[in-house]
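Listed here are the chains, written in short residue letters.
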Amino acid sequence: MEEANLVKDLALILISAGVFTIISKALKQPLILGYIVAGFLVGPHMGLFPTVTSTVQVKEWSDIGIIFLLFALGLEFSFKKLIKVGSSALITAMTQCLGMFILGFLVGEAIGWSNMESIFLGGMLSMSSTTIIIKAYDDLGYKDRPFAPLVFGALVFEDLIAVVLMVLLSTMAVSNKFAGGEMLMGLAKLVFFLILWFLVGIYMIPTILKKAHKYLNDEILLLVSLGLCFVMVSLASLAGFSEALGAIVMGSILAETLESEHIMHLTKGIKDLFGAIFFVSVGMMVDPHVIAEHWGTILVLTITVMAGILFFSTSGAVLAGQGLDNAVHAGFSLAQLGEFSFIIAGLGVSLGVMRDFISPVIITV
């Protein structure tokens, strides 16, 4: 019975996504807008249309969508590109994350949230959405623009910062103070993981694929690539990091191989399918009742996010020596919240340091 419900839900998700993306395309809007509107209308909170019932299974499918979207980012953003924009991207990401963390804390205090809720709010407002930016750039044809490497590089560093921030926030929530030992252990694990990423990416996997080149038809290459992706995702998860980091890492490793463009072509259809499910699931999480009850807070936080990230990321890019044009484009690109914000919100609620309504408020923002 559950399998039948899941099939019905997938049919509803894909058909509604198709209809609303056609409307978005006709209105010359990004396709992602159509996905989110479709999810909002067929989600469990509206009731005006047939609704999705197997929300747990859809959430699992959407998690796979995040993995494929970030794997695709890694394939397009190799070590060489990261090194090329490394310092500029790092300064941009650090300026945005630090500035938004402080601003988020101050806003949380101003609207009457507790100290710990304000600290978590700072963390939630620090991170832009890698998946949304990838999809928007893909739809708008911006991947080859001069500012795109800076934006993608900043997103990679933001994901790394998010991992460290989650370790810090978790230890603070449990102990109600800064735990330096836990923080250093988390950093050491992250450094070890990145060194492993570098060594495997430079030497091992590209060599193996090169020697096995004559045996790799489309089917085998697709299976091997996806298998390697999920192995790295599993390793990242076992090490205590996010699955998203593992997906980016393996994509970057395969980007250094001779088969990178071929792998990108083979996985595009799968990425589009699961990516659509992810973005529809985001729309499903928007609750009209939460909007009606907390519209003032949502409005304040939305303005804070858009204005704050635009200012801090643009300033960071300028400080890094990027031209004003590239810096402003990067600032507007990064001015929204992402999946790590949802994860941090869920973490705060699960640890009992945030009230339940904050998580849907952040999703709505």
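From a predicted model like this one, the values you see are computed outputs, not experimental measurements. (Residues numbered from 1 in each chain as written. Predicted model: local features only at pLDDT ≥ 70, side-chain atom pairs only at ≥ 80, totals over all residues. Heavy atoms only, no water.)

(A) Focus on the packing of helix α7 (residues 130–140) against helix α12 (residues 260–284). Put simply, α7 and α12 touch, their axes get as near as 12 Å, and they point 125° apart. By the angle between their directions, the pair α7 and α12 is classed as oblique. With respect to the hand of their crossing, α7 and α12 are arranged in left-handed fashion. Contact residues: α7 offers Thr131, Ile132, Lys135 and Asp138, while α12 offers Lys271, Asp272, Phe278 and Phe279. Among the residues forming the contact of α7 with α12, the class breakdown is three nonpolar, one polar and four charged. (Axes fitted to C-alpha atoms, helices over the stretch in contact; angles between N-to-C directions. Helix = DSSP H or I, 4+ residues; strand = E, 2+ residues; numbered from the N terminus. Parallel < 35°, antiparallel > 145°, perpendicular 65-115°, else oblique. Left-handed = near helix turned anticlockwise from the far one by under 90°. Contact = heavy atoms within 4.5 Å. Nonpolar A, V, L, I, M, F, W, Y, C, P; charged D, E, K, R; others polar.)

(B) Geometry of the packing of aromatic side chains. In the structure shown here, the tally under the stated rule is 10 aromatic pairs. Seen in terms of ring centroids, Trp113 and Phe357 are 6.2 Å apart; in terms of plane orientation they differ by 85°. Their pairing is edge-to-face. On the criterion of sequence distance, the pair formed by Trp113 in the loop between α5 (86–110) and α6 (115–124) and Phe357 in the loop between α16 (339–350) and α17 (358–364) is long-range, its members being 244 residues apart. We classify Trp113 as buried; its relative accessible area is 7%. (Phe/Tyr/Trp six-rings, centres within 6.5 Å; stacked < 30°, edge-to-face > 60°. Buried < 20%, exposed > 50% of the residue type's maximum accessible area, 1.4 Å probe, protein only.)

(C) Spotlight on helix α10 (residues 218–238). End to end, α10 covers 30 Å across 21 residues, agreeing with the expected 30 Å (1.5 Å per residue, within 8%). Looking at α10, one finds that the buried residues are Leu221, Ser225, Leu226, Cys229, Met232, Val233 and Ala236. Buried positions in α10, seen along its axis, are confined to an arc of 120° and lie on one side of it. Looking at α10, the residues exposed on the side facing more than 90 degrees away from the buried face are Glu219, Leu223 and Leu238. (Expected span 1.5 Å × (residues − 1). Arc of directions from axis to C-beta.)

(D) Looking closely at α16. Between the first and last C-alpha of α16 there are 17 Å, a value that for 12 residues agrees with the 16 Å anticipated at 1.5 Å per step. Among all positions of α16, only Glu339, Phe340, Ser341, Phe342, Ile344, Ala345, Leu347 and Gly348 are buried. Downstream of α16 by one or two residues, Gly352 has phi in the positive range, about 80°.

(E) Representation of the nonpolar core in the model. Counting residues in each nonpolar core, the largest one holds 104 residues, and the members touching the most others are Leu70, Phe71, Phe120, Met124, Met250, Leu254 and Leu301. Among the elements that make up this core, the one with the highest residue count is helix α8 (residues 148–175) (16 residues). Ignoring any residue separated from it by four or fewer positions in sequence, one finds Leu254 in contact with Phe71, Leu75, Ile205, Leu209, Ser225, Leu228, Ser260 and Ile263. (Core = buried A, V, L, I, M, F, W, Y, C linked by side-chain atoms within 4.5 Å.)

(F) Region of interest: a nonpolar patch on the surface. A cluster of nonpolar side chains, contributed by Val191, Ile195, Leu199, Tyr203, Met204 and Ile208, occupies part of the molecular surface with about 610 Å² of accessible area. Tracing the chain through its elements places Val191 in helix α9 (residues 180–211). Classification of Val191 as partly exposed rests on a relative accessible area of 48%. (Patch = residues over 30% accessible without salt bridge, like charges linked within 9 Å, V, L, I, M, F, W, Y side chains within 5 Å. Areas by Shrake-Rupley, 256 points an atom, 1.4 Å probe, with all protein chains shown as cover. Salt bridge = Lys/Arg side-chain N within 4 Å of Asp/Glu carboxyl O.)

(G) Representation of the packing of α10 against helix α11 (residues 243–255) in the model. α11 packs onto α10 with a crossing angle of 140° between their chain directions and a minimal axis gap of 7 Å. Looking at the two axes, α10 sits oblique to α11. Taken as a pair, α10 and α11 cross one another with a handedness that is right-handed. Here Ser225, Leu228, Cys229, Met232, Val233, Ala236 and Ser237 of α10 come into contact with α11, specifically with Glu243, Gly246, Ala247, Val249, Met250, Ile253 and Leu254. Considered class by class, the residues forming the contact of α10 with α11 number 10 nonpolar, three polar and one charged.

(H) View of the pattern of salt bridges. A full pass over the atoms with the stated rule returns two salt bridges. Taking the shortest distance from any N to any O, the salt bridge between Glu117 and Arg355 comes out at 2.9 Å. Of this pair, Glu117 sits in helix α6 while Arg355 sits in the loop between α16 and α17, and the two are 238 residues apart along the sequence. Here Glu117 falls in the buried class, since its relative accessible area comes to 4%. Linking Lys268 and Asp272 is a salt bridge whose minimum nitrogen-to-oxygen distance equals 3.0 Å. Placement of the pair is Lys268 and Asp272 together in helix α12, with a separation of four residues, close to one helical turn.

(I) Region of the structure containing the confidence of the model for the protein chain. Per-residue pLDDT for the protein chain averages 80, and the proportion of residues at 70 or more is 87%. Highest mean pLDDT in the protein chain belongs to helix α14 (residues 295–319) (91); lowest belongs to helix α4 (residues 79–84) (66). (pLDDT = per-residue confidence, 0-100.)

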